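# Descriptive analysis of the structure
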Amino acid sequence: MITEQIKSIKDLPLEENMFSGTPACAGCGGLLTLRHCLKMLGEKVVIVNAAGCFTLLSIYPFTPFRSSWLYTAMACAPAGAQGVRDALDILLEKGKIDPDENLKVVVLTGDGSAYDMGLSSTSGAIYRNLDFYYICYDNEAYGNTGFQESGSTPFASRTKTTSAGKEFAKKDLFEIWNSHKPPYLATISPAYPVDLANKFKKAEQYKGPKLFISLIPCPPGWSTDPSHTFKLAKLAVDTGVWALKESISGEVEHTVVPKKFKPVEDYLKEQGRFSHLFKPVRNEETLGKIQEMVNEYWKRYGILL
Ligand code: SF4
């Protein structure tokens, strides 16, 4: 079933499945992404949350979610999701719950878990064709423990453990996942909610793993103003740093390609984690290398910046 496309922000569901008053930082781009994702997933959801920043969202007896929520260690959220999915399937098969009481199983992780510690259990779940959603809120470091380098930290970014800037590029998680050829895989952004919504609508058609990675501004880790979160998420896409794309059974297509790409510098100069590239003197070599890395990515798809 192909569902009708959402054309404008006015067509997004008004229903909220996550409420305010969470202990997350002001301006957390992950929270904004999650809000949009849950609007599309509805309330019949069980979230399997790998340890990370969002562990703090639901602490008994308080929760911002309409849905159920389960906590796992960093490495094993997809294994937890397998258990929940199996239990639901057994209850359905035995007639102990009605089909309309079925729940979508949703893994929620940060990049530390998705790119590093939980990669093997995610690979196993994709390989087993587990019917689940996977949402990674990627702030490009271990945010919950003070912003240490993760496999997702980009080249030249300062973190608590890369004080002079990281010396090599981030892992390409999209391509790692895509090599498994899951039914549906996409990158999303909180600054492009219509694109995000349509990807969830499309993913709904597929049984099996449906995976989403969202690059999310993180004010304390990126040293940015919390009020600039939306602007930064948009700049990441408009400069070509964060490519919005999807893959259906391994075939990749870009869903948003800026008409005119902005210089990558516009994105970098807004963030304290890259401030050493501009002060006390401009590091032309590194700035040029970052722009070249972005150009090279788009060239692979026949798009010149
Ligand atoms: S540290 Fe960053 S990712 Fe974690 S809750 Fe705060 S803003 Fe969000």
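I will try to describe carefully the structure that is included in this document. None of these values were measured; they are calculated from a predicted model.

### A word on the site of the ligand
- Lining the immediate environment of the ligand, one finds Cys25, Cys28, Cys53, Asn139, Ile216, Cys218, Pro219 and Pro220.
- Here the ligand is seated within the second largest pocket.

### Brief notes about helix H8 (residues 229-238)
- The element H8 is extensively covered by neighbouring structure, given that 7 of its 10 residues are classed as buried.
- Looking only at H8, the buried set comprises Thr229, Leu232, Ala233, Leu235, Ala236, Val237 and Asp238.
- On its buried face, H8 is in contact with helix H1 (29-41), strand S6 (209-215), helix H7 (219-222), strand S7 (244-248), strand S8 (251-256) and helix H9 (264-268).
- Positive backbone phi, approximately 90 degrees, marks glycine 240, located one or two places after H8.

### Comments concerning the pairing of S8
- Inspection of the sheet shows S7 paired to S8 by 5 bridges, in the antiparallel sense. The partner of lysine 245 across the bridge, within S8, is histidine 254.

### Considering the pattern of salt bridges
- In the structure shown here, the tally under the stated rule is 18 salt bridges.
- Of the charged contacts in the structure, one is a salt bridge between glutamate 16 and arginine 35, with a shortest N-O distance of 2.7 Å. You can see glutamate 16 sitting in the segment before H1 and its partner arginine 35 sitting in helix H1, a full 19 residues away along the chain.
- Note on glutamate 16: relative accessible area 21%, which makes it partly exposed.
- Between arginine 282 and glutamate 284 there is a salt bridge, with its nearest N and O atoms 2.8 Å apart.
- For arginine 282, a relative accessible area of 39% puts it in the partly exposed group.
- A single salt-bridge network, built from bridges that share partners, covers Asp138, Glu140, Lys170 and Arg273.

### Some points on the nonpolar core
- By size, the foremost hydrophobic cluster in this structure holds 54 residues, and its most contacted members are Val105, Phe132, Tyr134, Trp177, Ile213, Tyr267 and Leu268.
- When sequence neighbours within four positions are dropped, the list of residues in contact with tryptophan 177 reads Leu119, Thr122, Ile126, Tyr134, Cys136, Pro182, Leu185, Leu211, Phe212 and Ile213.
- Counting 30 residues, the second largest nonpolar core, distinct from the first, contains Ile47, Leu57, Ala186 and Val194.

### A short note on the packing of aromatic side chains
- Enumeration over the complete set of coordinates arrives at 12 aromatic pairs.
- For the ring pair tryptophan 69 and tyrosine 71, a centre distance of 6.2 Å and an interplane angle of 15 degrees mean the geometry is stacked.
- For tryptophan 69, a relative accessible area of 23% puts it in the partly exposed group.
- Measuring from ring centre to ring centre gives 5.9 Å for tyrosine 184 and phenylalanine 212, while their planes differ by 45 degrees; the resulting arrangement is tilted. Highlighted residues: tyrosine 184 in strand S5 (residues 184-188) and phenylalanine 212 in strand S6, separated in sequence by 28 residues.

Cut-offs and rules
Residues numbered from 1 in each chain as written. Predicted model: local features only at pLDDT ≥ 70, side-chain atom pairs only at ≥ 80, totals over all residues. Heavy atoms only, no water. Near = heavy atom within 4 Å. 1 Å grid on protein atoms, 1.4 Å probe; cavity = no way out; pocket = protein on both sides within 12 Å on 5 of 7 lines; lining within 4 Å. Sits in = over half its atoms within 2 Å of the grid points. Buried < 20%, exposed > 50% of the residue type's maximum accessible area, 1.4 Å probe, protein only. Helix = DSSP H or I, 4+ residues; strand = E, 2+ residues; numbered from the N terminus. Contact = heavy atoms within 4.5 Å. Pairing = 2+ DSSP bridges. Salt bridge = Lys/Arg side-chain N within 4 Å of Asp/Glu carboxyl O. Core = buried A, V, L, I, M, F, W, Y, C linked by side-chain atoms within 4.5 Å. Phe/Tyr/Trp six-rings, centres within 6.5 Å; stacked < 30°, edge-to-face > 60°.

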